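Overview (structure and organization)
One letter stands for each residue in the lines below.
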Amino acid sequence: MLVLECPYCGVMADESDLHGGGEAHLKRFGPGSSDDDFETYLFMRKNPKGVHFERWRHVSGCGKWFHAARNTMTLEVYGTYSAQTYEPPQDIIDAVKAKHPEWEGYK
Amino acid sequence: MSKAQSAWNGVSFDGYCRVEEQSLVGMITVRGDLASKKLAKAVKDATGAKMPGQGEILSSDKGRAAWMSPDELLLIVDHAEAPGIIDAMAAALADEHALVVNVSDARAVFHVKGKAAREVVAKLSPADVSVMAPGMLRRTRIAQVPAAFHMVDEETAELVCFRSVGQYAYDLLKDAALPGGEVWV
Ligand SMILES: [Zn+2]
C-alpha cells in the first residue's frame, strides 16, 4: 500500500485516503498553441520505470492537492511537497540523488 | 417552523462497544485565513476555545474548534445557539475574506464508547487510530465514506460524517461493534 504524508495535514495518508492526479508539473498549452503542443499537453504522459513526480489529492482529508516524488518500480517515496510550485524543490531533488547518484535529474 | 430532527434521533446500540447517535449537534464550517487575529477572536467568542493548530481539536465548556485544513475550521457548538453565533461571527469578519456556514443539519455525529472504541474505528478506517490522543482530529474515511473523528477521552471516539450517509455510517459502526467481533488489539 502506498502511503504519502500530506504536506498540509502532516498525517500519513494511505492510497485509499488519496486520489491520484497523474503526472506533475505539466505546462498547459491552450487556445492559440500549435496542434503538436496541444496534443502533447492533452495526451502524452511520461511513464517512467523509476523516479517519477505526481500530483495527488488528500481527498478524504483536507481536500488539497499536493505533489509526490516516488519510484514506480520500488514504490519508494522520496517526499511530498506543496502544490504551489512549477518544479520539484531542491530538498526533494537531493533526496532522490542521495538514493540514485546516477539519476539524470528532473525533466 | 418545523422541528429539527437529527439523522437518527439519538438512537444507540450496545455491542462490545456502545454506539450512540448524538441527536442535535451545532456545527459551523469556517473558511478563511487561520492566521488572522480577528478570526482567532471570533472563534474564541464562539466556542471558548483557542485557534487550533494543524490536526488539533480544542475544547471548552462552550464548544470545540477543530482544524480541518490550512484554511478551514469546524466549530462544534450548541445546536440552538448556532444561528446566533454565525450572525455574530459574520459581523465580526465582515471585512475579512472569510465564510461562516451552518452545517449542523447536514451532518451526523456518533459516539463510540468503551475500552475498544479505538479498535471499532480502526476496523473501518485506514488512519492510524493508535496514535490518536484526545485533542487530535483526523479526517479520513470509514469504509466508503469520508468521516472525521477524535477521541473525547481514552474510551470515547466522536465521529462526524455527512447526514446523507448517516444510516450507512451507523450500520458500519454497529457491525464493527458486534459482540463476537472483538480483536482486542
Ligand atoms: Zn491533507
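Note that the structure is predicted; figures quoted are calculated from it, not measured.

**Topic: the overall build of chain B**
Per the secondary structure count, chain B includes four helices and 11 strands. Relative to the globule expectation of 16 Å for 185 residues, the C-alpha radius of gyration of chain B, 16 Å, shows essentially globular dimensions. With the principal axes as the frame, chain B shows a C-alpha extent of 55 × 40 × 30 Å. Within chain B, the proportion of its 185 residues that are buried is 48%. Of all intrachain contacts in chain B linking residues separated by at least 6 positions in sequence, the fraction that spans at least 24 positions is 61%.

**Side note on the coordination of the zinc ion**
Distances from the zinc ion to its protein donors, Cys6 of chain A (SG), Cys9 of chain A (SG), His58 of chain A (ND1) and Cys62 of chain A (SG), fall within 2.0 to 2.4 Å. Exposure remark for Cys9 of chain A: the relative accessible area of 11% places this residue in the buried category.

**Remarks on the interface of chain B and chain A**
Residue-level contacts link 12 residues of chain B with 15 residues of chain A. Summing both partners gives a buried area of about 980 Å² for chain B against chain A, and 45% of it is carried by carbon and sulfur. Scanning the region where chain B abuts chain A turns up two salt bridges. Across the pair Asp17 of chain A and Arg138 of chain B runs a salt bridge, and its minimum N-O distance is 3.0 Å. Scanning the region where chain B abuts chain A turns up nine residue pairs in polar contact (both at pLDDT 80 or more). Mapped by element, the contributors of at least two residues to the side of chain B that touches chain A are β5 (64–69) and β9 (137–142) of chain B. Ranked by residue count, the leading element in the side of chain B that touches chain A is β9 of chain B, at four residues. Here the residues of the side of chain B that touches chain A sort into four nonpolar, three polar and five charged.

**Quick word on helix α1 (residues 37–47) of chain B**
Residues and elements named next belong to chain B. Listed in full, the buried residues belonging to α1 are Leu39, Ala42, Val43, Ala46 and Thr47. The buried residues of α1 occupy one face: seen down the axis, they fall within an arc of 105 degrees. More than 90 degrees from the buried face of α1, the exposed residues found are Lys37 and Lys41. Lining the buried residues of α1 we find β3 (26–31), β5, β6 (72–77) and α2 (82–92). Looking one or two residues past α1, Gly48 carries a phi angle of roughly 80 degrees, positive in sign.

**So, the packing of aromatic side chains**
Under the defined criterion, the tally for this structure stands at five aromatic pairs over all chains. Between the aromatic rings of Tyr16 of chain B and Trp184 of chain B, the centroid separation amounts to 5.5 Å while the plane-to-plane angle is 70 degrees, which identifies the pairing as edge-to-face. One end of the pair, Tyr16 of chain B, is in the loop between β1 (12–14) and β2 (18–21); the other, Trp184 of chain B, is in the segment after α4 (166–176), with 168 residues separating them in the sequence. By relative accessible area, which is 13% here, Tyr16 of chain B ends up buried. An aromatic cluster is present here, built from Phe53, Trp103 and Tyr106 of chain A joined pairwise through their rings. A cation sits over an aromatic face here: Lys27 of chain A above Phe29 of chain A, 4.6 Å from the ring centre. Arg55 of chain A extends its terminal NZ or CZ atom over the ring of Trp65 of chain A, reaching a point 4.3 Å from the ring centre.

**Description of unusual backbone geometry**
Backbone geometry follows two general trends: most residues other than glycine have a negative phi, and most peptide bonds adopt the trans configuration. With a phi close to 60 degrees, His25 of chain A is a non-glycine residue in the positive phi region. Along the chain, His25 of chain A falls in the loop between β3 (19–23) and α1 (35–43). The class for His25 of chain A is buried, based on a relative accessible area of 13%. At Asn9 of chain B, a residue that is not glycine, the phi angle is positive and equals roughly 50 degrees.

**Brief notes about the sheet that holds β3 of chain A**
Residue and element names in this part refer to chain A. Ordered in space as β3-β4-β5-β6, the four strands form an open sheet in which the pairing is antiparallel. The two strands at the open ends of the sheet, each matched to only one other strand, are β3 and β6 (77–82). Strand-to-strand twist in this sheet, taken as the mean axis angle between neighbours without regard to direction, amounts to 30 degrees. Here β3 pairs with strand β4 (residues 51–57) via three bridges, running antiparallel. Across the sheet, Glu23 pairs through a bridge with Glu54, a residue of β4. Contacts from helix α2 (residues 90–99) reach β4, β5 (65–71) and β6 within the one sheet, and its direction differs from that of β6 by about 175 degrees.

**Things to note about the sheet that holds β6 of chain B**
Residue and element names in this part refer to chain B. One open sheet holds the five strands; their spatial order is β4-β5-β6-β3-β7, and the pairing between them is antiparallel. The sheet is open, and its two edges are formed by β4 (57–59) and β7 (99–102), each paired on a single side. Neighbour to neighbour, the strand axes of the sheet diverge by 20 degrees on average, direction disregarded. Strand contacts of α2: β3, β6 and β7, with the helix running at about 170 degrees to β7, the strand carrying the most contacts.

Rules used throughout
Residues numbered from 1 in each chain as written. Chains lettered and ligands numbered in written order. Predicted model: local features only at pLDDT ≥ 70, side-chain atom pairs only at ≥ 80, totals over all residues. Heavy atoms only, no water. Helix = DSSP H or I, 4+ residues; strand = E, 2+ residues; numbered from the N terminus. Rg over C-alpha atoms; globule rule 2.2 N^0.38 Å. Buried < 20%, exposed > 50% of the residue type's maximum accessible area, 1.4 Å probe, protein only. Contact = heavy atoms within 4.5 Å. Donors = N, O, S within 2.8 Å, 3.2 Å for Na, K, Ca; no water. Buried area = accessible area lost by both parts, 1.4 Å probe. Salt bridge = Lys/Arg side-chain N within 4 Å of Asp/Glu carboxyl O. Polar contact = N/O pair within 3.5 Å; in protein donor to acceptor, adjacent residues only side chain to side chain. Nonpolar A, V, L, I, M, F, W, Y, C, P; charged D, E, K, R; others polar. Arc of directions from axis to C-beta. Phe/Tyr/Trp six-rings, centres within 6.5 Å; stacked < 30°, edge-to-face > 60°. Lys NZ or Arg CZ within 6 Å of the ring centre and 35° of its normal. Pairing = 2+ DSSP bridges. Axes fitted to C-alpha atoms, helices over the stretch in contact; angles between N-to-C directions.

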